[in-house]
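# Results of the structural survey
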Amino acid sequence: MKIAFLGPHASFTQLATAQLFPNDELLPQSSILDCFSAVENGDVAKAVVPLENSIEGTVSMTLDYLYKTPSIKIEAEAVMPIAHHLMIHPDNSIEDIEKIYSHPQALAQSFHFLDTHYKDIPKQDFSSTAAAAKYVSENKDIKIAAVANQYAANLYGLKIINRNIQDFEQNHTRFIIISKLQNKYENEDLQTLGEKSGMLITLPEDHPGGLHQVLSVFAWRKMNLSKIESRTLKTGLGNYFFFINVEGSWNDILHGNALKELESINADVDFLGNYKEFLLES
Ligand SMILES: O=C(O)C(=O)C[C@]1(C(=O)O)C=C[C@@H](O)C=C1
């Protein structure tokens, strides 16, 4: 089976994908959009993309494409510990650094470290941590550093000058497996953390208590929400959709008529799946 992931090789997403799909063909993509397109066009069966980080929050691009591509659903979530290192070309030295490159999530997760130790050095966004590391390895004449992981340092032959630069010891990223198959991914070799249902909810118009009505559908049924995120619909200020995770299975929701009640308040519900959350190694 072909599985797309946000690449290139040695991105955090690849480390997650390799644990989820040890026996499949992994195809690196250069953006989250390309991962969604590969699934949408049927070029691959599934893709793995980041959804959320414990320091920096939601990866908004992933939420936006989940919203824009209703045929794509979630098969599983997987949580992985994240450690960032600052690395340079082995022929350069620490004093030479003129720019630091990385994925915006990685730069944000290490913001205080970089601001304290490399305050005047400009930081520049890259499509992934591994793409930044690869670029550093291919351009020894420009004095640049990358924030990336240990595997990227090994693969691209870079020298680590600062280790574990993330601003909080607890740093985890949650990845999702996306596909059009409406499957539930299973893996007995990985530790399961729980089961949840995911949905995108849009309210018909902005009115007082609209979100309260949605939340009360779950509250009075004693269904626990593990995540709620609002994201702009891009149709004007103040217009949002909501990504909601409810603990438990979709059957609980159907059985308790929660869906019917959501429909009765004219909420538009796009069900993303009923799936398990797995724990990965770093
Ligand atoms: O840049 C990478 O290596 C990625 O896989 C992307 C990504 C993200 O978007 O959150 C994944 C994990 C880390 O949080 C940092 C970056």
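This text goes with the structure placed above it.
Values in this document were obtained by computation on a predicted structure and should not be read as measured data. (Residues numbered from 1 in each chain as written. Predicted model: local features only at pLDDT ≥ 70, side-chain atom pairs only at ≥ 80, totals over all residues. Heavy atoms only, no water.)

### Concerning the overall build of the protein chain
Within the protein chain, the secondary structure is distributed over ten helices and 15 strands. Computed over its C-alpha atoms, the radius of gyration of the protein chain comes to 20 Å, within 12% of the 19 Å expected for a compact globule of 282 residues. For the protein chain, the spread of C-alpha atoms along the three principal axes comes to 65 × 45 × 35 Å. The buried share of the protein chain, reckoned over its 282 residues, is 49%. (Helix = DSSP H or I, 4+ residues; strand = E, 2+ residues; numbered from the N terminus. Rg over C-alpha atoms; globule rule 2.2 N^0.38 Å. Buried < 20%, exposed > 50% of the residue type's maximum accessible area, 1.4 Å probe, protein only.)

### Regarding the environment of Glu25
Considering the arrangement of structural elements, one finds Glu25 in strand 2 (residues 25-29). For Glu25, a relative accessible area of 41% translates into the label partly exposed. Residues Glu25 and Met1, spaced 24 residues apart in sequence, show a C-alpha to C-alpha distance of 6.0 Å. Discounting residues that sit within four places of it in the chain, Glu25 has contacts with Met1, Lys2 and Ile3. (Contact = heavy atoms within 4.5 Å.)

### Points about the sheet that holds strand 9 (residues 144-148)
On the basis of which strands lie adjacent, the open sheet formed by five strands has the order 8-7-9-6-10 and mixed pairing. Lying at the two open borders of the sheet, with one neighbouring strand each, are strand 8 (123-125) and strand 10 (159-162). On average, each strand axis in the sheet is tilted by 35 degrees relative to the strand beside it, whichever way the strands run. Strand direction decides the pairing type here: strand 6 (residues 85-88) and strand 10, joined by three bridges, are antiparallel. (Pairing = 2+ DSSP bridges. Axes fitted to C-alpha atoms, helices over the stretch in contact; angles between N-to-C directions.)

### Quick notes on the pattern of salt bridges
Scanning the entire structure with this criterion turns up 17 salt bridges. The closest approach of N and O atoms between Lys134 and Glu138, which form a salt bridge, is 3.3 Å. A residue pair is termed a helical-turn pair when its members lie 3 or 4 positions apart in one helix, as Lys134 and Glu138 do in helix 6 (residues 129-138) at four residues. Classification of Lys134 as partly exposed rests on a relative accessible area of 32%. Members of the salt-bridge network, linked through shared partners, are Glu52, Glu77, Arg174, Lys196, Lys227, Glu229 and Glu277. (Salt bridge = Lys/Arg side-chain N within 4 Å of Asp/Glu carboxyl O.)

### A few points about the site of the ligand
As a matter of local geometry, the ligand sits amid 13 residues, with Phe12, Thr13, Gln109, Thr129 and Thr173 nearest to it. Residue Thr129 places a side-chain N or O atom 2.5 Å away from an oxygen atom belonging to the ligand. Contact distances for the ligand include 2.8 Å between an oxygen atom and a side-chain N or O atom of Thr173. Its free accessible area being 360 Å², the ligand has 100% of it covered by the protein chains. The pocket occupied by the ligand, as judged from atoms lying within 2 Å of grid points, is the largest cavity. Residue composition of the shell around the ligand, by class: four nonpolar, nine polar and no charged. (Near = heavy atom within 4 Å. Polar contact = N/O pair within 3.5 Å; in protein donor to acceptor, adjacent residues only side chain to side chain. Areas by Shrake-Rupley, 256 points an atom, 1.4 Å probe, with all protein chains shown as cover. 1 Å grid on protein atoms, 1.4 Å probe; cavity = no way out; pocket = protein on both sides within 12 Å on 5 of 7 lines; lining within 4 Å. Sits in = over half its atoms within 2 Å of the grid points. Nonpolar A, V, L, I, M, F, W, Y, C, P; charged D, E, K, R; others polar.)

### Here's the deal with the nonpolar core
Ranked by size, the top nonpolar core spans 24 residues in total, and within it Phe36, Leu66, Ile178 and Phe243 carry the most contacts. Broken down by secondary-structure element, the contributors of at least two residues to this core are strand 1 (2-6), helix 2 (32-40), strand 3 (46-53), helix 3 (60-68), strand 11 (172-179), strand 14 (240-247) and strand 15 (268-279). Broken down by element, this core gets its largest block of residues, five residues, from helix 2. Counting residues domain by domain, this core receives three or more from each of domain 1 (2-82 + 171-179) and domain 3 (195-274). Filtering out sequence-adjacent residues up to four positions away, Phe36 remains in contact with Val49, Thr62, Tyr65, Leu66, Thr69, Ile72 and Ile178. Leu20, Val48, Met80 and Ile82 belong to the second largest nonpolar core, which has 17 residues in total. (Core = buried A, V, L, I, M, F, W, Y, C linked by side-chain atoms within 4.5 Å. Domains from an automatic or database assignment.)

### Describing the packing of aromatic side chains
The relation between two aromatic rings is expressed through the spacing of the ring centres and the mutual angle of the planes. Evaluated as defined, the whole model comprises eight aromatic pairs. Considering the side-chain rings of Phe36 and Tyr65, the 5.6 Å spacing of their centres and the 50 degrees angle between planes classify their relative orientation as tilted. With Phe36 in helix 2 and Tyr65 in helix 3, this pair connects stretches of sequence that are 29 residues apart. Across the pair, Tyr65 and Phe36 agree in class, each one buried. Taking 5.5 Å as the distance between ring centres and 90 degrees as the angle between the ring planes, the aromatic pair formed by Tyr185 and Phe278 counts as edge-to-face. A residue pair is termed long-range when its members are at least 10 positions apart, and Tyr185 in the loop between strand 11 and strand 12 (191-202) and Phe278 in strand 15 qualify at 93 residues. (Phe/Tyr/Trp six-rings, centres within 6.5 Å; stacked < 30°, edge-to-face > 60°.)

### Here we look at empty space enclosed by the protein
The full count for this structure, using the stated rule, is one cavity of 30 Å³ or more. Empty space within the largest cavity amounts to approximately 200 Å³. When contributions to the lining of the largest cavity are tallied by element, the ones reaching two or more residues are helix 1 (12-20), strand 3, helix 4 (104-109) and strand 11. Looking at the lining of the largest cavity element by element, the count peaks at three residues for helix 4. (Points joined across faces, edges and corners; volume = space filled by probe spheres on them.)

Nothing here speaks to function; it is geometry throughout.
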